[in-house]
Amino acid sequence: MKNHVKVPKEFLKLNIDLDSFEIPVISRQHNTILGQSRAQSALEFGVAMKNPGYNIFVMGEPGTGRLSMISDYLQSISEKQDTPPSYAYVDNFENTREPISIEFPAGDAHLFTKDIEQLIDSLLATFPAAFESPTYQQKKATLERHFNQQYTAAIDLVDKKAETMSVALFRESDTVTFLPINDNKALDEDQFTMLPQAEREAFHKHTEELEAYLGEALLKLPQWRRTLADETKQLDIDTIGLAIDPLFEELNSKYQNTDDVLSYLAELKNNVVDTITDFLMPSRTQEIKDHATKRLILTEQYTPNVLVDVKQGKGAPVIYESHPTYQNLFGRIEYMSDQGALITSYRRICSGSLHRANGGYLILDAEKILTYPFVWEGLKRALTTGKIEIESPYTEFGVNTMTLKPEVIPLDVKVILVGPRNIYYLLEDMDSEFNEMFRVLADFDNHIKITSDTIEQFVTLMVKQASDSGVLPLTKKAIARLIEHSCRLSESQNRLSARINDSLEVIGEANLICSKEGVKEIDKSQIELALLAKEIRSGRIAKEILEEMIDGTILIDTEGEAIGKVNGLTVMEIGGSSFGAPARITTTVYPGSRGIVDIEREAELGQAIHSKGVMILTGYLGHCYAQKFPLAISASIAMEQSYGYIDGDSASLAELCCLISALTNIPIKQGFAITGSINQYGEVQAIGGVNEKIEGFFKLCKARGLNGQHGVIIPASNKRNLMLKQEVIDAVEAELFSVYAVSNVNETLTLLMEKVAGNMDNEGDYPKDTINFTVVSRLKEISDMTSDDSDEASE
């Protein structure tokens, strides 16, 4: 029986031989992804579909090469696609709070910016020099002379009338005064007081009459001044126009095919006239003497703020946003402090990832966009409307400051979300719009089936990564050991783990070991040392638990026999590491009909799946042993010295064997440890973590001394998952340790109790002197006792 279920050493691990394998010469074109043909096909389909809503969700666990595959593929196809247009914001001269966006052909935005900067330099060189030209000065003097002539003619009329009244008229600047005349001489105040009263009164009367006449003569003076100002302003405008027309004609000709630019240049030309009048007139230059200050004023007012400008021929952009906050994704408006007040302008508008990816592809981490506030809703809104709107989503939660409302920019982008499975199913379940916007799912496998092609891909990938990262070359034995390690990570002799990053980390750590040893290539021994070092770094808790078992703090027997006690196998996961350890399971049985009590469940430590496994035991007992009488049993099962939560049904086989031992008083060999789940028909089912479980019990047995009587019992369906360490395989080869693979409960009982379990005959009976016969007899006895007690109670 033992030899029938014993696993030969050849099946304890997949052995890889690459001696006949030719390592390929690596080129840049080599694929950097292992397998994942389904995901690649989905990605290609999603990228090719241009209809709205065909954005892509890449589903898979970290370390499977998701980002590498996406980036490499998108880069390869984006280079062949058209370069998207560029965008810049300029001032809205009619409403500065609403800056205007301008669309340029690819690469033209920065060229236009340079042209505007050149225009500013030309304006500063032209003005105020243009107002100092002889032509301008002559025309301005003519206007002023005409005004002065009108003014002088009016004053002359008043002066002539004053002479007839013996009154002198004096002009000083714009001031007109009247003085009395005597003997053709103007009198001063003292002389005036010496005149007779009648003459003084006559003078006052004449003065009043002259002042009234002066007012009538100068009645049109304000109109003359307005006319002078208007004509002077028009002269200035004409002078400015003559000076700037050649500058703008050149720009209009250069950008004649860009409508947005022509519209802006027309508005700019009109505004430049006012700006020159305000800052660059001769009368204003005394206020702002610094050339740099004047240039800064014009730059802040006219230079475009380029959001994105991809050079022509660069293809479509591929952007990965590693920190997708709202501002990083949609852009933001910055502020600066001016005398305690926060101010901004169109020049303070900053682009986001959506702007840079517009016309191409944007890769985002699904978990992160759900973490940052407002991002998910904002992304959906942008994809639905096809527009990028820059705004602050936080204004309703704080103090509002005066801000901008930039013109929206058309959005044409393919969004690729990258995330684990739970995020995809969460969005699918909680957001009704999700499937409408992300219609393509690229699902990455966790494991890759081993074939000659995938082995070649794995070898190529390891060699390429080693070359790209600058580490020492890998030998064939080193690569073979990495393949074995990948199989162990996938818990299968038939599959590789898709988590390529784990293997790449081992290569990097092995390279460090090589540098310390002074060797020129990475061999199998360095890979082994790297794996061992990693296990030691994360093995503190595993070591402490093993020491507590050895010194008897945790009770685990590995010798002799015991009734109602068995060694189960568990896997503990702490942080990023996992390790196996045996755990004692005990069972007590006594008359009654309470049923099987799961002490872990009663203490609220047993989780749902573990409790399910215990409940299945009752179904098995009833099916196999209680077909001819009612099943009446009281039993309790506990996993001893367990002080945390327990989940999983992998202990149900061990619990059943322990229960049968306690029921029949047949001892169990303590040199065995068991793992496996069962169904109600006694079939043993596969479990997880089989390698860690075997190695956990092996370490304890090795520490106490292997004697050939130690072994583990696992489900037969787990044989393909065996990827054991070499020390376990060596012990099996030396017949110091054994691994048994069982398919049903009877095989397990026979191994543990060294007694035939017995099979049911056609009449539903078991042969005498078998374990199962003893079980039926004991259950019948308890059932009868329970029935008698019930009869006595009813009497």
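For the structure given in this document, a descriptive report is provided here. Note that the structure is a prediction, hence the values are computed from the model and not measured. (Residues numbered from 1 in each chain as written. Predicted model: local features only at pLDDT ≥ 70, side-chain atom pairs only at ≥ 80, totals over all residues. Heavy atoms only, no water.)

All right, on to the environment of Phe203 then. Mapped onto the secondary structure, Phe203 falls in helix H7 (residues 197–217). You can call Phe203 buried: its relative accessible area is 11%. C-alpha of Phe203 to C-alpha of His355: the two residues are 152 residues apart in sequence and 83 Å apart in space. (Helix = DSSP H or I, 4+ residues; strand = E, 2+ residues; numbered from the N terminus. Buried < 20%, exposed > 50% of the residue type's maximum accessible area, 1.4 Å probe, protein only.)

Counted by the stated rule, this structure contains 18 aromatic pairs. Between Tyr620 and Tyr625 the ring centres are 5.8 Å apart and the planes differ by 90°, which places this aromatic pair in the edge-to-face class. Classification of Tyr625 by relative accessible area gives buried; the value is 3%. With a centroid separation of 5.2 Å and 85° between ring planes, the pair formed by Phe698 and Phe737 is classed as edge-to-face. Of the two residues, Phe698 is situated in helix H26 (residues 690–704) and Phe737 in strand S30 (residues 737–742); the sequence distance between them amounts to 39 residues. Each member of the pair, Phe698 together with Phe737, is buried. (Phe/Tyr/Trp six-rings, centres within 6.5 Å; stacked < 30°, edge-to-face > 60°.)

Evaluation of the coordinates by the stated rule reveals 35 salt bridges. With a closest N to O distance of 3.4 Å, Glu509 and Arg537 form a salt bridge. Highlighted residues: Glu509 in helix H20 (residues 500–517) and Arg537 in helix H21 (residues 524–537), separated in sequence by 28 residues. Under the relative-accessibility criterion, Arg537 is labelled exposed at 55%. Within the structure, one salt-bridge network assembled from shared partners comprises Lys13, Arg481, Glu484 and Glu528. (Salt bridge = Lys/Arg side-chain N within 4 Å of Asp/Glu carboxyl O.)

Grouped together as the largest cluster of nonpolar side chains are 52 residues, with contacts concentrated most on Phe127, Ile244, Leu268 and Ile276. When neighbours within four sequence positions are excluded, Ile276 is seen to be in contact with Leu123, Phe127, Phe131, Ile240, Ile244 and Met281. Listed in part, the 50 residues of the second largest apolar core include Ile596, Ala654, Cys657 and Ile668. (Core = buried A, V, L, I, M, F, W, Y, C linked by side-chain atoms within 4.5 Å. Contact = heavy atoms within 4.5 Å.)

So, on to the sheet that holds strand S2 (residues 86–90). Note on sheets: strands pair through backbone hydrogen bonds, and any given pair is parallel or antiparallel. Taken together, three strands build an open sheet; the order of strands is S3-S2-S7 and the sheet is antiparallel. Taken across any chain shown, the strands that pair with only one partner, and hence form the sheet edges, are strand S3 (100–104) and strand S7 (305–308). Here the average twist between neighbouring strands, direction ignored, is 30°. Alignment of S2 against S7, held across three bridges, turns out to be antiparallel. Following the sheet pairing, Tyr89 is matched in S7 by Asn305. Taken strand by strand, helix H9 (residues 259–280) contacts S2 and S3, and its axis lies near 135° from that of S3. (Pairing = 2+ DSSP bridges. Axes fitted to C-alpha atoms, helices over the stretch in contact; angles between N-to-C directions.)

With that settled, the discussion passes to the sheet that holds strand S6 (residues 185–186). Strand order in the open sheet formed by three strands is S4-S5-S6, and the pairing between neighbours is antiparallel. With one partner strand each, in any of the chains shown, strand S4 (167–172) and S6 form the two edges of the open sheet. For S4 and strand S5 (residues 175–182), the ladder comprises six bridges, and the chain directions are antiparallel. Each bridged residue has a counterpart across the sheet, and for Arg171 the counterpart in S5 is Val176.

Among the structural elements, Ile522 can be located in the loop between H20 and H21. Separated by 95 residues in the primary sequence, Ile522 and Leu427 place their C-alpha atoms 45 Å from one another. Apart from residues lying up to four places away in sequence, Ile522 is in contact with Val471, Leu472, Pro473, Leu474, Thr475, Ala478, Ile507, Ala510, Asn511, Cys514 and Ile527.

Another aspect to go through is the packing of H9 against helix H11 (residues 291–302). Axis separation between H9 and H11 bottoms out at 11 Å; the angle between their running directions is 155°. As far as their axial angle goes, H11 and H9 are roughly antiparallel. Like other packed secondary-structure pairs, H9 and H11 cross with a definite hand, here right-handed. Across from Tyr264, Leu268, Asn271, Val272, Thr275, Phe279 and Leu280 in H9, the residues of H11 making contact are Lys294, Ile297, Leu298, Gln301 and Tyr302. (Parallel < 35°, antiparallel > 145°, perpendicular 65-115°, else oblique. Left-handed = near helix turned anticlockwise from the far one by under 90°.)

Looking now at helix H25 (residues 652–664). Taking 1.5 Å per residue as the helical rise, H25 with its 13 residues ought to reach 18 Å, and the 18 Å between its terminal C-alpha atoms agrees with that figure. Within H25, 13 of the 13 residues are buried, which leaves the element mostly enclosed by the surrounding structure. Asn665 sits one or two residues past H25 and shows a positive phi near 65°. (Expected span 1.5 Å × (residues − 1).)

Take empty space enclosed by the protein next. Unoccupied space between atoms shows up once a probe the size of one water molecule is rolled over them. Scanning the model with the defined rule gives one cavity of 30 Å³ or more in all. Considering the residues around the largest cavity, the lining is formed by Pro84, Pro85, Ser86, Tyr87, Val308, Val310, Pro317, His355, Arg356 and Asn358. Counting residues per element, the ones that place at least two in the lining of the largest cavity are S2 and helix H13 (353–357). For the lining of the largest cavity, the residue count by class is six nonpolar, three polar and one charged. (1 Å grid on protein atoms, 1.4 Å probe; cavity = no way out; pocket = protein on both sides within 12 Å on 5 of 7 lines; lining within 4 Å. Points joined across faces, edges and corners; volume = space filled by probe spheres on them. Nonpolar A, V, L, I, M, F, W, Y, C, P; charged D, E, K, R; others polar.)

With that settled, the discussion passes to a negative patch on the surface. Residues Glu103, Asp259, Asp260 and Glu407 make up a contiguous surface patch of negative charge. You can see Glu103 is positioned in strand S3. A relative accessible area of 38% places Glu103 in the partly exposed class. (Patch = residues over 30% accessible without salt bridge, like charges linked within 9 Å, V, L, I, M, F, W, Y side chains within 5 Å. Areas by Shrake-Rupley, 256 points an atom, 1.4 Å probe, with all protein chains shown as cover. Lys, Arg positive; Asp, Glu negative; His and termini not counted. Charge placed at Lys NZ, Arg CZ, Asp CG, Glu CD.)

Our next topic: unusual backbone geometry. Glycine aside, a negative phi is what most residues show, and trans is what most peptide bonds show. One non-glycine residue, Gln641, adopts positive backbone phi at about 55°. Structurally, the position occupied by Gln641 is in the loop between strand S24 (634–639) and H25. Here the phi dihedral of Glu735 falls at roughly 60°; this positive angle occurs in a residue that is not glycine.

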